[in-house]
Amino acid sequence: MAEVQRLRRVRPYYWGAIYISDVDCETDFDIDFHNGEGPVLATASHVAVLVVHAGTVDEAEADVALDVRVTSQRVDGLPYEVAFEVPSGRLNIGDADHSDEVALHPGPWLLQFDVDDTAEARHVGLVISPL
């Protein structure tokens, strides 16, 4: 990874979550949203961040801002983090309607999150750094 990468998306998430996985992930989505935990849920193959469900609010209030930054080292002070393996070196971030691909080197990465609301986030910050 030569430089800092940034990605910003502002759009509705009609599934109520932002999903993260390796692009070559062969495992079906395996996170249970009904367990009452959150806002960041993770398994070995998927990560999800609970956000405002676009189907439950007015269209004008449905947008979620996602700010992604890939850096060379961890950032102190972010409340949620997940160690995550990215064997392909390509990470999908999005939902069933649209996702973006972030290029990384293959291996373990630290995903650190900050959300503005633990139940229905409208802003999600994600910092990705190598482990």
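Engineer: Before we move on, could you go through the overall build of the protein chain and cite the residues and values that matter?
Structural biologist: Across its full length, the protein chain carries 0 helices and 10 strands. Taken from N to C terminus, the helices and strands of the protein chain fall in the order β-β-β-β-β-β-β-β-β-β. In terms of overall size, the protein chain behaves like a compact globule, its C-alpha atoms giving a radius of gyration of 14 Å where 131 residues would be expected to give roughly 14 Å. Structurally, the protein chain occupies a C-alpha span of about 40 × 30 × 25 Å along its principal axes.

Engineer: Can you break down the pairing of strand 9 (residues 107-115) residue by residue, with the values?
Structural biologist: The buried fraction of strand 9 is high, at 7 of 9 residues. Sheet analysis places strand 6 (residues 80-86) next to strand 9, joined by 7 bridges and oriented antiparallel. Counterpart to F84 in the pairing with strand 9 is W109. In this structure, strand 9 lies alongside strand 10 (residues 123-130), joined through 7 bridges in antiparallel fashion. Across the sheet, the residue bridging to W109 is P130, located in strand 10.

Engineer: Can you lay out the pairing of strand 8 (residues 99-103) for me, pointing to particular residues and giving the numbers?
Structural biologist: Of the two faces of strand 8, the one holding D100 and V102 is buried and the one holding S99, E101 and A103 is not buried anywhere. Pairing between strand 7 (residues 90-94) and strand 8: 5 bridges, direction antiparallel. Each bridged residue has a counterpart across the sheet, and for N92 the counterpart in strand 8 is E101. In this antiparallel pair of consecutive strands, strand 7 and strand 8, the connection spans 4 residues.

Engineer: Lay out the sheet that holds strand 4 (residues 47-50) with the relevant residues and their values.
Structural biologist: Read from one edge of the open sheet, 5 strands run 3-4-2-7-8, paired in antiparallel fashion. In this open sheet, the two edge strands, each paired with only one partner strand, are strand 3 (40-42) and strand 8. Averaged over all pairs of adjacent strands, the angle between strand axes in this sheet comes to 20°, irrespective of strand direction.

Engineer: Quick one: what's the story with the sheet that holds strand 6, residue by residue and with numbers?
Structural biologist: Pairing within the open sheet is mixed, and its 5 strands lie in the order 1-5-10-9-6. Unpaired on one side and paired on the other, strand 1 (5-12) and strand 6 mark the two borders of the sheet. With direction set aside, neighbouring strand axes in the sheet form an average angle of 20°.

Engineer: Describe the environment of V102, listing the residues and the values that go with them.
Structural biologist: With respect to the helices and strands, the residue V102 is situated in strand 8. In this structure, the C-alpha to C-alpha distance between V102 and S129, residues 27 residues apart in sequence, is 12 Å.

Engineer: Please give an account of the packing of aromatic side chains that cites residues and values.
Structural biologist: One pass over the full model with this rule turns up 0 aromatic pairs. A cation sits over an aromatic face here: R11 above Y13, 4.0 Å from the ring centre.

Engineer: So what about the environment of E26? Which residues, and what values?
Structural biologist: Residue position: E26 is located in the loop between strand 2 (17-22) and strand 3. Looking at E26, the relative accessible area reads 78%, which means it is exposed.

About the cut-offs
Residues numbered from 1 in each chain as written. Predicted model: local features only at pLDDT ≥ 70, side-chain atom pairs only at ≥ 80, totals over all residues. Heavy atoms only, no water. Helix = DSSP H or I, 4+ residues; strand = E, 2+ residues; numbered from the N terminus. Rg over C-alpha atoms; globule rule 2.2 N^0.38 Å. Buried < 20%, exposed > 50% of the residue type's maximum accessible area, 1.4 Å probe, protein only. Pairing = 2+ DSSP bridges. Axes fitted to C-alpha atoms, helices over the stretch in contact; angles between N-to-C directions. Phe/Tyr/Trp six-rings, centres within 6.5 Å; stacked < 30°, edge-to-face > 60°. Lys NZ or Arg CZ within 6 Å of the ring centre and 35° of its normal.

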